[in-house]
Amino acid sequence: MVVSGLSLLLGLLIYVAIIGTFGVSPLDALTSVARAFVTPTVVKDLLVLSMLGYALLVAFKASLWNIGGEGQFYISMLPGIVFTLYLFNPEQGGAIPPFAVVLLSVIGGSLLAAAWAALAGAIKAYLQIDEVPVTVIMNYVVYYLLNFLVWGPLKGKRTYGYLRTDEIPSVYRLNFRLPMLYISDPALSFLYSIARQVAYYSSFVVGASLAAVFVWWVFKFTKLGLYIRIMGSNPNYLRATGVNTRVLAVATMALSGAMVGFAGSLYLLTELGRLPYELERQTAGYGYLAVLVAWLSLLDYRLVPLSAYIVSALRNAGTTIQVAGLGGVEQTLILIGSVLLVYSLTRFLIEYEVRVEW
Amino acid sequence: MHHDGRVAVSVKDLRKSFPGGVTALDGVSLDIHFGEILALLGENGSGKSTLVKVLYGIYAPDSGEVRVNIGGKLTRVLINEPIEAMHYGIVLVSQVPQLIDKLSVAENLAITLSSLKWKGATSLSGVSRVSSVIEKECERLGLKIDPNEKVYNLTYTLKQQVELLRALTIGARVLLLDEVLTYLPTREKKRFYDILLKLRKEGRSIVLITHKLPEAFEVSDRIAVMRNGKILGVVNAGEITLQEVRSMMFGAAVKLLINDKTPSRKAGKTLGGEEIVVEQLHVKDDYGRDAVRGVNLVVRKGEIVGIAGVAGNGQRELLEAVVGLRRPERGIVRIAGLDITKRGARLARSLGVSFIPDRPLEYGCSVDHSVLDNMAVPFSLTNGLLLRWGRLREIAEKVIGEYQVVAPGVDASLKSLSGGNIMKVVVSKEIESASRAIVAHNPTRALDEVSAAFVRQRIRSRAERDRLAVLMASEDLDEVLRMSDVVYVANSGRLYGPLDPESTPREEVEKLMVM
């Protein structure tokens, strides 16, 4: 808790110091960052990052550092695209009811992402290759795989010359729009804009709540949860009691991946609506931000939403900074990078003694 | 009375409690004199280790003071970390040798010296300087240690001697020996005593932390008894009997020790079918050397088979192979008639075999988790996916009550318990969760006499009443002789036996151990 708070504070100071050297007033910068915490747009990121934070927490609890959230997130969109645009396209006479297609897309997405993550788990468990580089490399495999598909077989027909897939038919979309209202009172207007965001992303609200309850249930009541927790601190104990820790590692990664995939399919159906070309240039980087969310929560499931809120606000600070005319979007990266850096350093300094000898 | 009356270290009214409400030290005052061997006795969780850790700078006391003799004057000090304790000449030698296996003896010592007083001790020339210091010290004390030997080649006894050497080379004036002698074979223990007496003569203070009473009587000048975080008394060793100290340590629980001495032997015992069968087993150790060389063994239902032997003679590898944790090179392990060789620990467990490992902290528990979580793993009571937490909690509460684990409750994290109490958790869950056989390595290590007696009683009763097969290796020869129906001796990877523990003279067994 203290470490997380301290990292946030020191990270902010470093950020202010860096942009200060370019002549930006610290006060202006901090005001913009503060404003990001209360913009309505923070709602979406908060919900998505909560789902992903919970997903990664499952793997992190077992000391499996799943940095592949990004790849698992996007690969999970593939079944959704195939089901909604090709197999069950309503224009070709939808054979099954829309909710079933949505359900299939979500289940298919979760399973595919689970398999993708399980692959990294298996490489770790059976070939003893560290999961961190493997999951990162696999993110790029997903980027290029999807690029290839969007560029080729899945290229849309009604895209006005843009290189991307067609848009998912609206019957399969999960967003829910409240009407635009003109409200003169600024406070009410602000509240209504939040309500519109929440309604629009109601599928994420359901998804994040499910993720939270599911993680709580797994760790509190199931044998798998107990094993995952113990694997994180002493896998030898499990081995000595006859638990196959290799299978457990694969299963844990699969579970984490399935949860990422669940979030990914919802994101496709609610927000994205199609796959763009050159995915790696267009992603929001949720898979990586979720790593930060899980870390900042100190792997305490009660703190995941709070930590997701902080990270979302920092991410949105990029926009508010731009709007304030203080610089470009790279600033978000400097900001988030500074927080992460301080966090890693403090954790390191707490766990190890550092001595300088000469 | 050997000491000259000068106080080396004095503690006054030390208090220390841990989160969860365990009071480990409850106003401890004690003087340690130069030139004496002081035995610090107490049951598990009585506060011995905490006291020593405060002196060694591992724990900070909540209140109270520590004074150290500096230049003839007792000066109040704050010891924040071991390095500072070493500066004052206070050095701890623990039960588990704190050495790096892959380095040589000299390199290990050089690392400590470099962080303490010798700049550049870890350089090549530094290490050779350290080597010559080691050789000189060895000659003085009559030890045989090659400074260039890799630590993993050393026996347990030699590792302990290296630890002692390290303490001396960094200038220890007050040596805190935490259960160092407990697992040495009798002969080597006697040699260790000689060294301690020599060190005492040089005016050093030696604090011997032990739960083995005879050990305290054999060598110490004074005996301090701790209980519930208090020092009950400090007496001269000649002025009190072993029985009196025992009653002081354990109070009413001392009764249990009387039962411990009457083994129930084969008399009237009908042995059942073969539960564990080992044939021509060959197993390698972690360094690829042959640790078990052609062992044959049978354990029947209701039978306790004990393996005596000095540590490092293949016991660990043998037991690990029996429970499926280590792949044998050749040979067969059968449990309940089923060939489980090379089929992994899962199968052995599912057949109802539990395992008390030699390295309980590494293989027997997870200290970051609660007592309940740790117990839930081997008991593993489930309804489908769900653990039956309610039932598991009942079992855990019953077990920690029976084994008298000193803990605020079953939800307490294991690392908040004392070493002995962690061991009780490890041992109890394995003994109570077994349904066919118990394979145990040093099951009472780190337990005080009363707890050890209780554990032995439970193992015996599970063998007799529940007809479990028990295969037990212990470095404590008394324990093996007292408990077993059949005794084997492990030496250099082979088993000698079977011997009848009643008719075989102890000397003969010891001879087999060290031949």
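Keep in mind it's a predicted model, so treat the numbers as computed, not measured. (Residues numbered from 1 in each chain as written. Chains lettered and ligands numbered in written order. Predicted model: local features only at pLDDT ≥ 70, side-chain atom pairs only at ≥ 80, totals over all residues.)

A few words now on the overall build of chain A. Counting its secondary structure elements, chain A contains 16 helices and 0 strands. Its C-alpha atoms give chain A a radius of gyration of 21 Å, within 12% of the compact-globule value 21 Å for 358 residues. The buried share of chain A, taken over its 358 residues, is 45%. Contacts in chain A between residues far apart in sequence, at least 24 positions, make up 78% of those at least 6 positions apart. (Helix = DSSP H or I, 4+ residues; strand = E, 2+ residues; numbered from the N terminus. Rg over C-alpha atoms; globule rule 2.2 N^0.38 Å. Buried ≥ 20, exposed ≤ 12 C-beta atoms within 10 Å, placed from the backbone. Contact = placed C-beta atoms within 7 Å.)

Attention now goes to the overall build of chain B. Within chain B, the secondary structure is distributed over 18 helices and 22 strands. Taking 24 Å as the expected radius of gyration for a compact globule of 515 residues, we find that chain B reaches 23 Å, a close match to that expectation. Buried positions account for 50% of the 515 residues belonging to chain B. Across chain B, the fraction of contacts at a sequence separation of at least 24, relative to all contacts at a separation of at least 6, is 70%.

Before going further, it helps to examine the interface of chain A and chain B. Counting residues at the interface gives 16 residues for chain A and 24 residues for chain B. Breaking the side of chain A that touches chain B down by element, the ones donating at least two residues are α10 (223–233) and α11 (235–240) of chain A. Among the elements that take part in the side of chain A that touches chain B, α10 of chain A stands out by supplying 6 residues, more than any other. By residue class, the composition of the side of chain A that touches chain B is 6 nonpolar, 7 polar and 3 charged. (Nonpolar A, V, L, I, M, F, W, Y, C, P; charged D, E, K, R; others polar.)

Note on strand geometry: in a regular strand, side chains alternate between the two faces of the sheet. Residues and elements named next belong to chain B. Across 8 bridges, the pairing between strand β11 (residues 274–284) and strand β12 (residues 290–300) is antiparallel. Paired with Val283 across the strands is Val292, a residue of β12. Count of turn residues in the β11/β12 antiparallel hairpin: 5 residues, of which Gly288 carries a positive phi of about 80°. (Pairing = 2+ DSSP bridges.)

We now examine the pairing of strand β9 (residues 222–227) of chain B. Residues and elements named next belong to chain B. By the criterion of burial, β9 is predominantly enclosed, with 5 of the 6 residues buried. Examined bridge by bridge, strand β3 (residues 37–42) and β9 share 5 bridges and lie parallel to one another. Among the inter-strand pairings, Leu38 is bridged to a residue of β9, identified as Arg222. In this sheet, strand β10 (residues 230–236) lies alongside β9 in antiparallel orientation, the contact comprising 6 bridges. Its bridge partner being in β10, Met226 is matched across the sheet by Ile231. Hairpin connection, β9 to β10: the antiparallel pair is bridged by 2 residues, and Asn228 has positive phi, about 50°.

Compared with an ideal rise of 1.5 Å per residue, which puts 12 residues at 16 Å, helix α3 (residues 105–116) of chain B spans 17 Å between its outermost C-alpha atoms and is within 8% of the ideal. When we look at burial in α3 of chain B, the residues that qualify are Val105, Ala106, Glu107, Asn108, Leu109, Ala110, Thr112 and Leu113 of chain B. (Expected span 1.5 Å × (residues − 1).)

Residue and element names in this part refer to chain B. With antiparallel pairing, 4 strands are arranged side by side in an open sheet as β2-β1-β4-β5. For this open sheet the edge positions go to β2 (22–33) and β5 (73–77), each flanked by a neighbour on one side alone. Averaged over all pairs of adjacent strands, the angle between strand axes in this sheet comes to 20°, irrespective of strand direction. Direction of pairing for strand β1 (residues 7–18) relative to β2: antiparallel, over a ladder of 9 bridges. (Axes fitted to C-alpha atoms, helices over the stretch in contact; angles between N-to-C directions.)

Glancing now at unusual backbone geometry. All names here are of chain B. Omega for the peptide link from Gly497 to Pro498 comes to 0°, which places this bond in the cis form. Within the element layout of this structure, Pro498 appears in strand β22 (residues 494–499). Backbone geometry places Asp13, a non-glycine residue, at a positive phi of 50°. Taking the number of C-beta atoms within 10 Å as the measure of exposure, Asp13 has 13 and is therefore partly exposed. The residue Lys342 is not glycine, and still its phi comes out positive at about 60°. The topology assignment puts Lys342 in the loop between β15 (338–339) and α11 (345–350).

Now for the nonpolar core. Judged by nonpolar contacts, the single largest core of 266 residues is most densely connected at Leu176, Ala437 and Val470 of chain B. Looking at this core element by element, the count peaks at 16 residues for helix α12 (residues 245–272) of chain A. The contacts of Val470 of chain B, once residues within four sequence positions are left out, are Ile304, Val305, Ala437, Ile438, Ala440, Ile459 and Ala463 of chain B. (Core = buried A, V, L, I, M, F, W, Y, C linked by C-beta atoms within 7 Å.)

With that out of the way, let us pick up the packing of helix α2 (residues 26–36) of chain A against helix α15 (residues 304–323) of chain A. All names here are of chain A. In the contact formed by α2 and α15, the axes pass within 7 Å of each other and the chain directions differ by 125°. Between α2 and α15, the crossing angle belongs to the class labelled oblique. When you trace α2 past α15, the crossing you get is right-handed. The segment α2 lies against α15, with Ala29, Ser32, Val33, Arg35 and Ala36 engaging Ala313, Asn316, Ala317, Thr320 and Ile321. The residue makeup of the contact of α2 with α15, split by class, is 6 nonpolar, 3 polar and 1 charged. (Parallel < 35°, antiparallel > 145°, perpendicular 65-115°, else oblique. Left-handed = near helix turned anticlockwise from the far one by under 90°.)

Let us look at the sheet that holds β15 of chain B. Residue and element names in this part refer to chain B. A sheet is described by the order of its strands in space; here 4 strands give the open sequence β12-β11-β14-β15, paired in antiparallel fashion. Looking at which strands have only one partner, the edges of the open sheet turn out to be β12 and β15. In the sheet, β11 pairs with strand β14 (residues 330–335) via 5 bridges, with the strands oriented antiparallel. For Val278, the partnering residue across the bridge sits in β14 and is Val333. Against the sheet, helix α10 (residues 315–322) contacts β11, β12 and β14, and its axis sits at roughly 125° relative to β11.

Here we take up the environment of Gln322 of chain A. All names here are of chain A. Relative to the elements of secondary structure, Gln322 occurs in helix α15. By C-beta crowding, Gln322 is classed as partly exposed, having 15 other C-beta atoms within 10 Å. Taking the C-alpha atoms as reference points, Gln322 and Val205, separated by 117 residues in sequence, lie 28 Å from one another.

Moving on, we get to the confidence of the model for chain B. The predicted coordinates should not be examined in detail at positions where pLDDT is low. Averaged over chain B, the pLDDT score is 87; the fraction of residues at 70 or greater is 94%. Confidence estimates for the predicted assembly give a pTM of 0.81 and an ipTM of 0.84. (pLDDT = per-residue confidence, 0-100.)

All names here are of chain A. Within the span of α2, buried status applies to Ala29, Ser32, Val33 and Ala36. Relative to the axis of α2, the buried residues are bounded by an arc of 100° and lie together on one face. Tucked inside the fold, the buried residues of α2 contact α1 (2–20), α3 (42–61) and α15. (Arc of directions from axis to C-beta.)

Right, let's get into the environment of Trp116 of chain A. Residue and element names in this part refer to chain A. As for its placement among the helices and strands, Trp116 is situated in helix α6 (residues 98–127). As for Trp116 and Asn234, which are separated by 118 residues in sequence, their C-alpha atoms are 26 Å apart. Among residues more than four places away in sequence, those in contact with Trp116 are Gly71, Gln72, Ile75, Met138 and Gly257.

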